[in-house]
Structure formats: C-alpha cells, structure tokens
Amino acid sequence: MADMPTPRLTAEEFYRRLIAWFDEYGRHDLPWQSPRSAYRVWVSEIMLQQTQVTTVIPYFERFMARFPTLESLALAPQDEVLHLWTGLGYYARARNLHKAAQLALAEHSGELPTTSVEALTALPGIGRSTAGAIIAQSTGQRAAILDGNVKRSLTRLHAIPGWPGKPEVERKLWMLAEYYTPSTRLADFTQAMMDFGATLCKRSKPDCKVCPFNDVCLAYTQGEPQRYPESKPKKALPTRSTIMLLLQDSQGRVWLEQRPPSGLWGGLWSLPQFEKHSELNDWLEAHAVSPKRQPTMPSFHHTFSHFRLEITPQPVSCDRLSGVRESGVWYDVENPRELGLAAPVKALLSQLTPFTLNLTPGRV
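Residues numbered from 1 in each chain as written. Predicted model: local features only at pLDDT ≥ 70, side-chain atom pairs only at ≥ 80, totals over all residues. Heavy atoms only, no water.

(A) Geometry of the overall build of the chain. Scanning the chain for helices and strands turns up 14 helices and 10 strands. The principal-axis extent of the C-alpha atoms belonging to the chain is close to 75 × 50 × 40 Å. Within the chain, the fraction of its 364 residues that count as buried is 49%. Here the analysis covers contacts within the chain between residues at least 6 apart in sequence; of these, 67% occur between residues at least 24 apart. Each charge class in the chain can be summarised by its mean position, and for the 40 positive and 36 negative side chains these summaries are 6 Å apart. (Helix = DSSP H or I, 4+ residues; strand = E, 2+ residues; numbered from the N terminus. Buried < 20%, exposed > 50% of the residue type's maximum accessible area, 1.4 Å probe, protein only. Contact = heavy atoms within 4.5 Å. Lys, Arg positive; Asp, Glu negative; His and termini not counted. Charge placed at Lys NZ, Arg CZ, Asp CG, Glu CD.)

Below, the structure is given as structure tokens:
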C-alpha cells in the first residue's frame, strides 16, 4: 500500500488559501452552478471529462433545454441523446449517461443515489472522482475528487514522481485529496480545486508567481513545475484502414447505417464500411440498383485514443437499394434527421449538396 506523501500544509491552511483564491478568481457563473442539482452537476461532470469548459457550456445548455430532468433523459430515444452529443466525442459517455438515467429511474425513483460514493459508482460511467464531485456540489456532503486538474496540482505541490495513471501514484494522490478535503463549503471547495488546476496550475505555462501555494510548492522550488506530472509512456499508435461508402440515391440522399450498440462509434449512424474494395463491390452488386462509381475521394485520418483510422471515402450513386438490412436510412442532407453521427461522417455530410459531391473532405 502506498504511503501518503508528507502534506505541504495543514488541511485547514490549504483550505484557507484555496478558498481565498477561489472567492476572488474562481468561476462562479457556470450554468450548472445555478441551480446546482445532482442531475445538472452529473451531466456537466460527464461532459467535462476530457473536454474544456468553454466547449461544454453550449452543449450543456442545449442538453438541459431538451432533457431538463433525469426522467426526460431516461425516457428519450438513444438516437436523440447521441444527436445532442454529436461533436463532443467519446460517445460512450453519452451511452452510459443514458443507461444510468434509465437505471436511476427504475431503481432509485428517478433520483441519483447521492447517499454515498459507492451507490453512485454502481451506475454506468460514474467513477470515484465524478461521484465525489456530484455529492460535494449538490449535497454539500464531504467527498473528495481527483480529476486531471487536481492530479496535476497535487503532483506539483508535492513533487510526486511517476505517471498519475499508475495505481501506486494514484493511491498517493487520493490520500492527499482526502486529507485536504474539508467539511465546510464543499461545493465551492470542489469547484475551486477544479478551477485552480484549469486556470492557474495549467498543464503548460502555470502562473506560479501569483499562486497562493508557491512558497510551499516543491515543483516550483525545484524550478521545474512543468516536469510534473510525468507523462504517460508513449506507444506508437497503430493505423487501421477502412473504406466508407458514400452512397447517394437519385434524390441526393445518403445511405446511413447504425453501428452496433457497443464498440467503435457504438449506437451512432455511419456510412457503410468495408475493409476491401472487393467487399464493397459485392455489397453494391447485391443491393444497389444501377450503381455508378465515382473517383475515390482523398483519404484522411481520424485519431482515437488507441489507434488512427485511415478513411477512404468512395462516392457511388444509384437509383435505389433492395434487400438491405433494416438498420439503414436514407439521410436527407437538406432536411437532416436528428441522428447521432460519427464525427468523420458528419464532416463528410456537411460538404454535400443534393446531387453534388465535393471531392475534398478536409480534416476531421
């Protein structure tokens, strides 16, 4: 079991300094702060995972306008949830949000179980830090958080070596987070911890000279705050290839198919994909009436966390389709349906006009 590093300050002094900084420089007008319900905090925390606040705000406001309550989210079709998530990426977050809302409706009378971290983490997509943030901000109960911003700040303050994703390093950081978490002003303290890392103790160019902890920060004393935290050991991303069939009918509509519920772009709508042109040709021969192939569009890459996908769009026109599986739809680019679209597909569709194909897809 990892031992907790020696705290640089008493918990009381850490709290005093951080809250004084937050009261003057923190963010007090974020849309999920008023009203600060468990549901609104939860949605914001899921959206904020790996996404910046400025990006999240308009998505959050649209999401709340459509799904103002947990029940309205639980009862919505998944397609509509994914449609409102389109552009935020990491779509498993949206699928888990939807599943968790359905479970909360069925098992917790339509409320999030904020009685404990353990109860919340039993729901899909809610980890220990997210559960702590929900509880602390919506109920004022004592619960620690350890998101990326907090990890960075605590790692620098104590000059903790190693990548924070390593279990032994993360255990040390959780001990510190628990130690410094107070019993008062929990909502403000939690927001302060996130704001401090996001706006002052930033990943690059931390503003150390005005930091309220610069007299006790070991990384600053060493003169190399950006050395911490250590980066995850890099591995070369493998590249995979796919051919996307950009099939239009005589009305200029595009054929889309829904991806399986889990896996790559789970539940989203995408263009039919093939590993080889021979497979695409077989599909066209079996289903397309009077297909007319156009020149292949330039390939481009879409990067995921664990691999890069090389996408080659293949435009084809046809009169109609026959014998296709029920999971497909003709998508009208002029009057689009509210569907959750895979990011590269959305980029390609945005460049189409009826009966016309732009052969330069651009980067996604």
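Okay, back to it.
(B) How the structure looks around the pattern of salt bridges. As enumerated under the stated definition, the model contains 12 salt bridges in all. For arginine 17, the salt bridge is made with glutamate 13, and the minimal N-O distance between the two is 2.9 Å. Remark: glutamate 13 and arginine 17 occur in helix α1 (residues 11-25); sequence separation between them is four residues, near one turn of the helix. The salt bridge involving arginine 142 is made with glutamate 178; its shortest N-O contact spans 3.6 Å. (Salt bridge = Lys/Arg side-chain N within 4 Å of Asp/Glu carboxyl O.)

(C) View of the packing of helix α2 (residues 38-48) against helix α8 (residues 128-139). At a minimum axis separation of 9 Å, α2 and α8 run at an interaxial angle of 145°. Crossing angle aside, the handedness with which α2 passes α8 is right-handed. Between α2 and α8, the residues in contact are Ala38, Val41, Trp42, Glu45 and Ile46 and Thr130, Ala133, Ile134, Gln137 and Ser138, respectively. (Axes fitted to C-alpha atoms, helices over the stretch in contact; angles between N-to-C directions. Left-handed = near helix turned anticlockwise from the far one by under 90°.)

(D) Structural detail: α2. Within α2, 11 of the 11 residues are buried, leaving the element largely enclosed by the surrounding structure. When we look at burial in α2, the residues that qualify are Ala38, Tyr39, Arg40, Val41, Trp42, Val43, Ser44, Glu45, Ile46, Met47 and Leu48. Of the residues trailing α2, glutamine 50 is marked for its positive phi of about 65°.

(E) Focus on the packing of aromatic side chains. In the structure shown here, the tally under the stated rule is 16 aromatic pairs. Aromatic side chains phenylalanine 196 and phenylalanine 213 sit 5.6 Å apart centroid to centroid with 85° between the ring planes, which places their arrangement in the edge-to-face category. Here phenylalanine 196, found in helix α11 (residues 186-199), pairs with phenylalanine 213, found in the loop between α11 and α12 (218-221); they are 17 residues apart in sequence, far enough to count as distant. Note on accessibility: phenylalanine 196 and phenylalanine 213 belong to one class, buried. Here the aromatic cluster, defined as three or more aromatic residues joined through ring pairs, consists of Phe14, Tyr15, Trp21, Tyr25, Tyr179, Tyr180, Phe189, Phe196 and Phe213. A cation sits over an aromatic face here: arginine 62 above tyrosine 59, 4.8 Å from the ring centre. In this arrangement the basic side chain of arginine 128 is found over the ring face of tryptophan 174, its NZ or CZ atom lying 3.6 Å from the centre. (Phe/Tyr/Trp six-rings, centres within 6.5 Å; stacked < 30°, edge-to-face > 60°. Lys NZ or Arg CZ within 6 Å of the ring centre and 35° of its normal.)

(F) View of the environment of alanine 343. When you line up the elements, alanine 343 lands in helix α14 (residues 343-349). In this structure alanine 343 comes out as partly exposed when scored by relative accessible area, which is 27%. In sequence terms alanine 343 and cysteine 211 are 132 residues apart; their C-alpha atoms lie 39 Å from each other.

(G) Region of interest: unusual backbone geometry. Residue proline 35 is bonded to the preceding serine 34 through a cis peptide linkage, with omega at -5°. Cis geometry marks the peptide bond from tyrosine 228 to proline 229; its omega dihedral reads -10°. With respect to the helices and strands, the residue proline 229 is situated in the loop between α12 and β1 (239-248). You will see that tyrosine 90, though not glycine, has its phi angle at about 50°, which is positive. Inspection of the secondary structure assignment puts tyrosine 90 in the loop between α5 (78-85) and α6 (92-107).

(H) Up close: the environment of glutamine 351. Its location among the elements puts glutamine 351 in the segment after α14. A C-alpha to C-alpha distance of 47 Å links glutamine 351 and leucine 173, two positions 178 residues apart in sequence.

(I) Seen up close, the pairing of strand β8 (residues 308-317). Within β8, seven of the 10 residues are buried, which leaves the element mostly enclosed by the surrounding structure. Of the strand pairs in this sheet, β1 and β8 are connected by 10 bridges, and their pairing is parallel. Across the sheet, isoleucine 243 pairs through a bridge with threonine 312, a residue of β8. By the bridge criterion, two bridges tie strand β6 (residues 292-293) to β8 in an arrangement that is antiparallel. In the strand pairing of β8, lysine 292 is matched with serine 317. Relative to β8, strand β7 (residues 300-303) is paired through four bridges, and the arrangement is antiparallel. If you follow threonine 303 over to β8, its bridge partner there is arginine 308. Taken together, β7 and the strand that follows it, β8, pair antiparallel across an intervening segment of four residues. (Pairing = 2+ DSSP bridges.)

(J) Up close: a negative patch on the surface. Taken together, the side chains of Glu275, Glu279, Asp282 and Glu285 make up a negatively charged region of the molecular surface. Structurally, aspartate 282 can be placed in helix α13 (residues 277-287). (Patch = residues over 30% accessible without salt bridge, like charges linked within 9 Å, V, L, I, M, F, W, Y side chains within 5 Å. Areas by Shrake-Rupley, 256 points an atom, 1.4 Å probe, with all protein chains shown as cover.)

(K) Structural context of α11. Helix length check: α11, at 14 residues, gives a terminal C-alpha distance of 20 Å against a target of 20 Å (1.5 Å per residue), a fit within 8%. The buried fraction of α11 is high, at 11 of 14 residues. When α11 is considered as a whole, its buried residues turn out to be Leu186, Ala187, Phe189, Thr190, Gln191, Ala192, Met193, Met194, Asp195, Phe196 and Gly197. As for α11, its buried residues are in contact with α1, α2, α8, α9 (148-158) and α10 (167-180). (Expected span 1.5 Å × (residues − 1).)

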